[in-house]
Amino acid sequence: MPGNHITDQQVRLYMDIRRTHTREAAAARAGLSTTTGARIDADPRLPSQMQTPRGRRRPDPLAAIWDSEIVPLLETAPGLRPISIMAEMLLRHRDFPAAARRTLERRVRIWQALHGPERDVIFRQEHPPGQQGLSDFTDANPLGVTIAGIRLAHRLYHFRLAFSGWQHADVVLGGESFVALAGGLQNALWALGGAPREHRSDSLSAAFRNLDRDAAKDQTERYEALCAHYGMIATRNNLGVAHENGVIEASHGHLKQALAQALLLRGSSDFADLPLYRRFVAETVGRANADRRRELEIERPLLQPLPPRRTTDFEEDLVTVTRNGGFLLRRVFYTVPSRLIGHRLRVRIYDDRIECLLGSEPVLTLRRGRAPQGRAMRGRTVHVVDYRHVIHALRRKPHALLNLVYRDQLFPRAAFRNTWDALIAAEPPRIACRIMVRLLALAHERCCEAELAADLDAILGSGMLPDLDTLEARFAPASVTSPQVTVTLPSAITYDALLSSDAVEVVA
């Protein structure tokens with residue numbers, strides 16, 4: 001019998017060469033001796049086939065209970081995990097060895113492979129060019145992105161072409177809403193320059209979970225109308241079956257890994273503002289798309305042309321501006337210029353902003369606020385406040401600042417909030433309110449909010465309180481002296497000379 005040092009590969013090589021060569025030649029080519037070649041001729045089995053299976057070295061710890069207790073449990077509930085069976089056996093048998101866990105896991109795995117229930121099969125699909133595009137949302141909070149030092153809670157809307165892998169990503173500040181889907185999808189299609197014949201998404205259960213039947217039906221009809229506007233067939237995967245959307249689901253991890261690596265190369269995950277972060281995401285996705293240029297060149301001619309214009313990617317509502325200087329929309333109070341008090345506004349609601357129209361005339365755009373979720377926060381109102389909208393009224397009633405319901409949201413920067421805390425701790429409330437209102441008015445009237453905030457931080461850092469006269473003098477407009485201009489008018493004789501014949505000849 002060949003020794004253990006002889007491999008199956010050597011034996012196969014020897015047998016192949018032996019068909020046309022002598023034993024000596026075949027053994028030399030295979031790196032074997034002639035004697036070993038003779039043994040192989042007599043017994044052509046491979047070395048692995050000649051090894052005796054290793055027997056059990058110690059007693060089977062499951063022999064007494066495997067057929068009588070464990071197998072009936074698995075037959076009754078095939079989904080039982082080995083750890084659950086282990087816990088049950090420890091309860092039934094005090095002397096059951098805890099060290100048998102690995103043996104139990106291996107035996108259960110083998111039993112499930114031989115006798116367990118049939119499992120679902122994933123059928124890989126071919127994706128013709130121009131046929132299918134897919135959309136989904138993915139949680140981007142693990143990236144740890146901050147805006148001006150404040151953690152950004154957000155998702156990414158992710159679109160991908162099934163054939164070429166071209167992708168697009170948008171930063172989404174709210175949930176998986178129809179507005180976010182409509183805005184992100186249209187941004188992707190217009191960046192692509194065409195539309196696939198089919199658009200596939202998940203069931204949008206996050207968007208429909210809190211809706212009644214009529215509202216969910218309305219969302220479904222809007223989604224189908226959105227796809228029809230671009231000539232796409234709207235499809236969805238079955239609820240809870242993520243792998244049916246696998247082309248986009250699997251690429252979420254690659255997208256977020258690419259963003260995480262780009263953040264490491266950047267050296268910081270903090271951005272000065274949200275537009276800068278959006279541009280960072282677009283550049284990162286663009287670099288990934290550059291590797292798919294060849295596939296995209298095949299797919300792009302087969303895409304459908306875009307319609308002349310985009311369709312609606314917002315929701316609309318009507319609000320009335322109250323005497324409080326703003327309006328309430330979905331448990332969020334927004335301040336607006338007081339000139340709009342009493343007027344009825346049409347509000348267009350996007351994912352990250354709301355646009356207010358008076359009739360058909362746009363009047364202002366506001367950052368979108370979102371009411372807190374959960375039972376504990378039910379009934380609470382969020383305030384989106386711009387101090388510029390109300391500062392003129394506060395100057396007439398500065399003491400109203402003391403108990404103002406949105407006072408904390410009124411301060412545009414942390415320096416102003418810290419100044420208020422210092423003033424209210426050191427001065428009577430009436431004086432603290434008057435000083436604070438004048439500081440806000442100074443920031444608004446002199447357009448020096450950032451510079452004033454820096455000065456306030458320095459003053460508070462030195463243990464002092466702000467001096468209004470000093471600050472107002474510092475940010476007062478520079479006095480400009482108008483220059484004295486003397487205008488000398490020519491006499492009428494000068495014009496007569498220009499009209500003389502000699503002057504005409506000189507000009508000619």
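Residues numbered from 1 in each chain as written. Predicted model: local features only at pLDDT ≥ 70, side-chain atom pairs only at ≥ 80, totals over all residues. Heavy atoms only, no water.

1. Re helix α1 (residues 8-18)
Side chains three or four residues apart in an α-helix point the same way, a direct result of the helix having 3.6 residues per turn. What counts, and what does not: Three labels apply to residues, based on accessible area from a 1.4 Å probe with only protein chains included: buried if under 20% of the type maximum, exposed if over 50%, partly exposed otherwise in between. Each helix corresponds to a stretch of at least 4 residues labelled H or I by DSSP, and each strand to a stretch of at least 2 residues labelled E; elements are numbered beginning at the N terminus. Contacts were defined at the residue level, with two residues in contact if any of their heavy atoms lie within 4.5 Å.
When we look at burial in α1, the residues that qualify are D8, V11, Y14 and I17. If you follow the buried residues of α1, they end up packed against α2 (23-30), α3 (34-42) and α4 (47-50).

2. Some points on the environment of L91
Position of L91 among the secondary structure elements: in helix α6 (residues 82-92). On the basis of relative accessible area, L91 is assigned to the exposed category, the value being 71%. Between the C-alpha atoms of L91 and L358, which are 267 residues apart in sequence, the distance is 73 Å.

3. Considering the side chain of H389
We apply this condition: Distance and chemistry together define a polar contact, namely a pair of N or O atoms within 3.5 Å, with one atom able to donate a hydrogen and the other to accept it when in protein, and with adjacent residues in sequence counting only for side-chain atoms on both sides.
Within the element layout of this structure, H389 appears in helix α14 (residues 387-396). At a separation of 3.1 Å, a polar atom in the side chain of H389 contacts the main-chain carbonyl oxygen of T335. For H389, the residues in contact, after removing those within four places along its chain, are T335, V336, P337, S338, L364 and L366.

4. As for the pairing of strand β14 (residues 361-367)
As a reminder, the rule being used: Paired strands are those between which DSSP finds at least two bridges.
As paired elements, strand β13 (residues 353-358) and β14 share 6 bridges and run antiparallel to each other. Opposite C356, over in β14, you have L364 as the bridge partner. Remark: 2 residues form the turn of the hairpin made by β13 and β14, two consecutive strands paired antiparallel; G359 in that turn has positive phi of roughly 70°.

5. Some thoughts on the confidence of the model for the chain
Detail in the predicted coordinates should be disregarded across regions flagged by low pLDDT. Inclusion rule: Per residue, pLDDT measures the predictor's confidence, with a range of 0 to 100.
Residues of the chain with pLDDT of at least 70 account for 91%, and the chain-wide mean is 87. Scored below 50 in pLDDT, residues 205-210 makes 9 contacts in the model with residues more than four places away or belonging to other chains.

6. Points about the pairing of strand β10 (residues 326-329)
Looking at chain direction, β10 and strand β11 (residues 332-335) are connected through 4 bridges and run antiparallel. Paired with F327 across the two strands is Y334, which belongs to β11. In sequence, β10 turns back onto β11 through a hairpin of 2 residues, with R330 there showing a positive phi of about 55°.

7. Thoughts on the packing of aromatic side chains
Describing an aromatic ring pair means giving the distance of the ring centres and the angle of the ring planes. Filter applied, for reference: What counts as a ring pair is set by centres within 6.5 Å for rings of Phe, Tyr and Trp (its six-membered ring), and what kind of pair is set by the plane angle: stacked under 30 degrees, edge-to-face over 60, tilted for all other angles. A positively charged side chain is recorded as over a ring if its NZ (Lys) or CZ (Arg) lies within 6 Å of the ring centre. The angle to the ring normal must also be within 35 degrees.
Under the counting rule described, the total for this entry stands at 9 aromatic pairs. Centroid distance F271 to F280: 5.3 Å. Interplanar angle 50°. Geometry classified as tilted. Seen in terms of ring centroids, F314 and Y350 are 5.3 Å apart; in terms of plane orientation they differ by 50°. Their pairing is tilted. Of the two residues, F314 is situated in the loop between α13 (293-299) and β9 (315-320) and Y350 in the loop between β12 (344-349) and β13; the sequence distance between them amounts to 36 residues. Accessibility expressed as a relative area gives 10% for Y350, which makes it buried. An aromatic cluster is built from F271, Y277 and F280, whose rings are joined through pairwise contacts. Over the face of the ring belonging to W66 we find R107, whose NZ or CZ atom lies 4.7 Å from the ring centre. The ring of F271 carries the charged tip of R266 above its face, separated from the ring centre by 3.8 Å.

8. Here's the deal with the pattern of salt bridges
Just so we agree on the cut-off: Whenever Lys or Arg places a side-chain nitrogen within 4 Å of a carboxyl oxygen from Asp or Glu, that contact is recorded as a salt bridge.
For the structure on display, the rule yields 26 salt bridges. A salt bridge links R370 to D351; its shortest N-O distance comes to 3.1 Å. Of this pair, R370 sits in the loop between β14 and β15 (382-384) while D351 sits in the loop between β12 and β13; the two residues are 19 residues apart in sequence, bridging distant segments of the chain. Classification of R370 as partly exposed rests on a relative accessible area of 31%.

9. Quick notes on unusual backbone geometry
Most peptide bonds adopt trans geometry, and most residues besides glycine take a negative phi value. Residues other than glycine seldom take positive phi values, yet A148 does so here, at roughly 55°. With respect to the helices, strands and loops of the structure, A148 is situated in the loop between β2 (146-147) and β3 (150-151). Non-glycine residue C447 carries a positive phi angle of around 55°. Assignment of secondary structure puts C447 in the loop between α17 (429-445) and α18 (449-461).

10. So, the nonpolar core
Condition: Remark: nonpolar core denotes a set of buried residues (Ala, Val, Leu, Ile, Met, Phe, Trp, Tyr, Cys) joined through side-chain atoms within 4.5 Å.
In this structure, L410, F416, W420, M436, L440, L452 and L471 are the most contacted members of the largest nonpolar core, which totals 33 residues. It is α17 that provides the largest number of residues to this core, a total of 10 residues. Residues contacting L471, with those up to four places away along its chain left out, are L439, L442, L452, D455, L456, I459 and P466. The next biggest cluster of nonpolar side chains, apart from the first, holds 22 residues, and it includes W166, L181, A195 and C227.

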